[in-house]
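As a plain string of letters, each chain reads:
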Number of protein chains: 2
Amino acid sequence: MIILKIGGSILTKKDAPESEVDSVNLKRIALEIKKSLDNSSKELVIVHGAGSFGHPPAKKYKIGQSFDKDEYPQKRIGFCEIQNAVKKLNMLICEEFISHGLPVIAVPASSFITANSKRITDGNLDIFKKYLSKGFIPIIYGDVVLDEDLEFCVISGDQIIQYLASNLNPSKVVLGTDVDGVYNKNPKTHDDAVFYERFSSIEDLDALEGTTNIDVTGGMVGKIKELLYLADLGIESKIINAEIENNIYKVLENDDVKGTVISRSKT
Amino acid sequence: MIILKIGGSILTKKDAPESEVDSVNLKRIALEIKKSLDNSSKELVIVHGAGSFGHPPAKKYKIGQSFDKDEYPQKRIGFCEIQNAVKKLNMLICEEFISHGLPVIAVPASSFITANSKRITDGNLDIFKKYLSKGFIPIIYGDVVLDEDLEFCVISGDQIIQYLASNLNPSKVVLGTDVDGVYNKNPKTHDDAVFYERFSSIEDLDALEGTTNIDVTGGMVGKIKELLYLADLGIESKIINAEIENNIYKVLENDDVKGTVISRSKT
């Protein structure tokens, strides 16, 4: 089984004044997945980010930060607003995927996951196994969930990957982002940025000055931390650039694609 | 805790060429619920029907009927299409409810319920209890779920009420429909239609010639069967007309509202 994450930065327009899907990327990626599934059947779970649908209300309501008791009703309505905003994004993504014949079925994190101090503690994945066994593509996304310590928190698509991968034993974990992988500096602004073919320890993080992909759920550093956790379990993952045509298709086909492998093994 | 069902016939436009929300009813009902919650806090679970969003694709793909093996991929994509269509309706309903300050949080049936021969067999409701304990209003709706016998089936909002009420021990179960309650004939076309103040046995069903509210999930007769099952458990329910202004508000306030009570007791 393959876990494929598609970043919110790929599927939504970051700079649009209103939440907006990047319909060109969305259609292209739907077609790349379909082409690969037509070549040979594969079990696939898709995770997508919240992008410009989830991040503005998450910032507005400061979900995940501690708050005074009298702010509770406002925080709670913010929680609902975020759930509905990411549901809308998911609905638009599923609409496009289904129109190309991809049997995607949403299982939102807020329906079954709970957390403590922003980390997932509980979430029964049996329904994922059932949908997979029937040939569906379960799809889950960055969402809000109840938090034992903080009342509410935001769970990033990256933490979801980690949770799914830890529990579902995938053969492959792929993260499609808007960069080629991990650099020590932002490659869009620094010509001397060094690219990492492989990333294997938390100490390597000190070398990173910043990335192009900062979001409220942690950006590239947050991503790497989740993936190093998987690496500890012996699950290798790869960060690739999903903006480059056919990269998603090629990675699903086991063809060579530029990217950063996150693994504890140095070879 | 109160379980309030709002019928798809109230929230969507049946005769529109495309799936369309009845935004006048939707806003009015949101405000009636809000007004009652502002008077005094209440635990509330909302169930809504699929209306003109769910029924057309459910009919098109004949979900819930047996099929040949080679039809499987088409049925499966139909399942996905229905899930996404009712998700869209739910998103629009939540958007309106949230804008009036109602903390609604969707927990779709397809995320956690499975069935056998079109009857719910499994579905852990712990997350409902958690959201209720935090003052949220969990919202669930007519949806598609995996079926052990038939592969796929449609679960009506009415069956969901029955399942929730059987397991959550509500103090009140209310169904807002587009008629005043149960008649022996269609009151819109028959002046001599007899209204039932109370309905207490399956035999009473023989007296019903038909209702105005026939849908793919069973219409009024299906509704009554679900509610009689609850009556057997000692849970009384009431069918009221949610098209009449303030009926939802009044029923939440324990004020007198015309309707049919479904109960095993004859008094």
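The model shown is predicted, which means the values in this text are computed figures rather than measured ones. (Residues numbered from 1 in each chain as written. Chains lettered and ligands numbered in written order. Predicted model: local features only at pLDDT ≥ 70, side-chain atom pairs only at ≥ 80, totals over all residues. Heavy atoms only, no water.)

Quick word on the confidence of the model for chain A
Regions with low pLDDT carry predicted coordinates that are not meant to be interpreted in detail. Averaged over chain A, the pLDDT score is 91; the fraction of residues at 70 or greater is 93%. Two summary scores accompany this predicted model of the complex, namely pTM at 0.94 and ipTM at 0.93. (pLDDT = per-residue confidence, 0-100.)

A look at the pattern of salt bridges
Tallied over the full model, the rule gives 27 salt bridges over all chains. Notably, a salt bridge pairs D158 of chain A with K223 of chain A, separated by 3.1 Å at the nearest N-O pair. With a gap of 65 residues between them, D158 of chain A in helix α6 (residues 157–168) and K223 of chain A in helix α7 (residues 219–232) connect regions that are remote in the sequence. Residues D158 of chain A and K223 of chain A agree in their burial class; the two are buried. One salt bridge in this structure joins E20 of chain B and K13 of chain B, with 3.4 Å as the shortest N-O distance. A residue is classified by how much of its surface remains accessible, and K13 of chain B, at 34% relative accessible area, is partly exposed. (Salt bridge = Lys/Arg side-chain N within 4 Å of Asp/Glu carboxyl O. Helix = DSSP H or I, 4+ residues; strand = E, 2+ residues; numbered from the N terminus. Buried < 20%, exposed > 50% of the residue type's maximum accessible area, 1.4 Å probe, protein only.)

Re the nonpolar core
Counting 84 residues, the largest nonpolar core has I33, F97, F128 and L164 of chain A as its most contacted members. The dominant element in this core, judged by the number of residues it contributes, is α6 of chain A, at 6 residues. Look past the residues within four positions of L164 of chain A in its chain and what remains in contact with it is I3, V45, V47, L125, F128, I140 and N169 of chain A. Counting 83 residues, the second largest nonpolar core, distinct from the first, contains L37, I113, I120 and I155 of chain B. (Core = buried A, V, L, I, M, F, W, Y, C linked by side-chain atoms within 4.5 Å. Contact = heavy atoms within 4.5 Å.)

Here's the deal with the relation of the copies chain B and chain A
For the pair chain B and chain A, the best superposition has an RMSD of 0.0 Å and corresponds to a rotation of 180 degrees with a translation of 0.0 Å parallel to the axis. Those values place the two copies in the arrangement expected of a two-fold rotation axis. A share of 100% of interface residues in chain B that are also interface residues in chain A marks the association as one of identical surfaces. (Least-squares fit on C-alpha atoms with pLDDT ≥ 70 in both.)

Some remarks on the UniProt feature "site: Transition state stabilizer" (unreviewed entry) in chain A
Residue and element names in this part refer to chain A. Mapped onto this structure's residue numbering, the UniProt feature "site: Transition state stabilizer" (unreviewed entry) falls at K14. Relative to the helices and strands, K14 is located in the loop between α1 (8–11) and α2 (23–39). For K14, the residues in contact, after removing those within four places along its chain, are S9, S52 and D178. (UniProt positions renumbered as here; feature names shortened; annotations may be inferred.)

A few points about the pairing of strand β2 (residues 44–48) of chain A
Regular strands have side chains that alternate between both faces of the sheet. Residue and element names in this part refer to chain A. Burial analysis of β2 places 5 of its 5 residues in the buried class, which makes it a mostly covered element. Going residue by residue along β2, you find L44, I46 and H48 tucked away on one face and V45 and V47 tucked away on the opposite face as well. Relative to β2, strand β1 (residues 2–6) runs parallel, the two sharing 5 bridges. Across the sheet, I6 pairs through a bridge with H48, a residue of β2. Of the strand pairs in this sheet, β2 and strand β6 (residues 137–141) are connected by 3 bridges, and their pairing is parallel. Bridge pairing links H48 to Y141 in β6. (Pairing = 2+ DSSP bridges.)

Quick look at the interface of chain B and chain A
With 38 residues of chain B at the interface, the matching set in chain A holds 38 residues. Interface of chain B and chain A: buried area, both sides summed, is about 3200 Å²; carbon and sulfur atoms make up 64% of it. Two residues, K134 of chain A and E151 of chain B, come together in a salt bridge whose shortest N-O distance is 3.0 Å. Here chain B and chain A share 15 residue pairs in polar contact (both at pLDDT 80 or more) between them. Those elements that place two or more of their residues in the side of chain B that touches chain A are α4 (72–99), β3 (104–106), α5 (126–133) and β8 (151–155) of chain B. In terms of residue count, the dominant contributor to the side of chain B that touches chain A is α4 of chain B (15 residues). (Buried area = accessible area lost by both parts, 1.4 Å probe. Polar contact = N/O pair within 3.5 Å; in protein donor to acceptor, adjacent residues only side chain to side chain.)

Focus on the domain arrangement of chain A
Residues and elements named next belong to chain A. Here chain A is partitioned into domain 1 (1–170) and domain 2 (180–267). Summarising the inter-unit geometry, the C-alpha centres of domain 1 and domain 2 are found 20 Å apart. Facing 27 residues of domain 1, the contacting portion of domain 2 comprises 20 residues. Of the roughly 2100 Å² buried where domain 1 meets domain 2, counting both sides, 63% is carbon and sulfur surface. Linking domain 1 to domain 2 there are 3 salt bridges. In this structure, E226 and R119 form a salt bridge, with 2.8 Å as the shortest nitrogen-oxygen distance. Inspection of the region where domain 1 meets domain 2 yields 11 residue pairs in polar contact (both at pLDDT 80 or more). Here the element with the most residues in the side of domain 1 that touches domain 2 is α2; it accounts for 8 residues. Tallied by class, the residues present in the side of domain 1 that touches domain 2 amount to 10 nonpolar, 9 polar and 8 charged. (Domains from an automatic or database assignment. Nonpolar A, V, L, I, M, F, W, Y, C, P; charged D, E, K, R; others polar.)

Description of the packing of helix α4 (residues 72–99) of chain A against α4 of chain B
Working note: a packed helix pair is described by the angle between its axes plus the distance between those axes. At a minimum axis separation of 9 Å, α4 of chain A and α4 of chain B run at an interaxial angle of 150 degrees. Judged on the interaxial angle alone, α4 of chain B and α4 of chain A are roughly antiparallel. By crossing handedness, the relation of α4 of chain A to α4 of chain B is classed as left-handed. Along the contact surface, α4 of chain A presents I77, C80, E81, N84, K87, K88, N90, M91, C94, E95 and I98 of chain A, while α4 of chain B presents I77, C80, E81, N84, K87, K88, N90, M91, C94, E95 and I98 of chain B. Of the residues in the contact of α4 of chain A with α4 of chain B, the class split is 10 nonpolar, 4 polar and 8 charged. (Axes fitted to C-alpha atoms, helices over the stretch in contact; angles between N-to-C directions. Parallel < 35°, antiparallel > 145°, perpendicular 65-115°, else oblique. Left-handed = near helix turned anticlockwise from the far one by under 90°.)

Here's the deal with the packing of helix α3 (residues 51–61) of chain B against α4 of chain B
All names here are of chain B. The N-to-C vectors of α3 and α4 enclose an angle of 175 degrees; their axes lie 8 Å apart at closest approach. As far as their axial angle goes, α4 and α3 are roughly antiparallel. Touching F53, G54, P57, A58, K60 and Y61 of α3 are Q74, K75, I77, G78, E81, I82, A85, V86, K88, L89 and L92, all from α4. In terms of residue class, the contact of α3 with α4 is built from 10 nonpolar, 3 polar and 4 charged.

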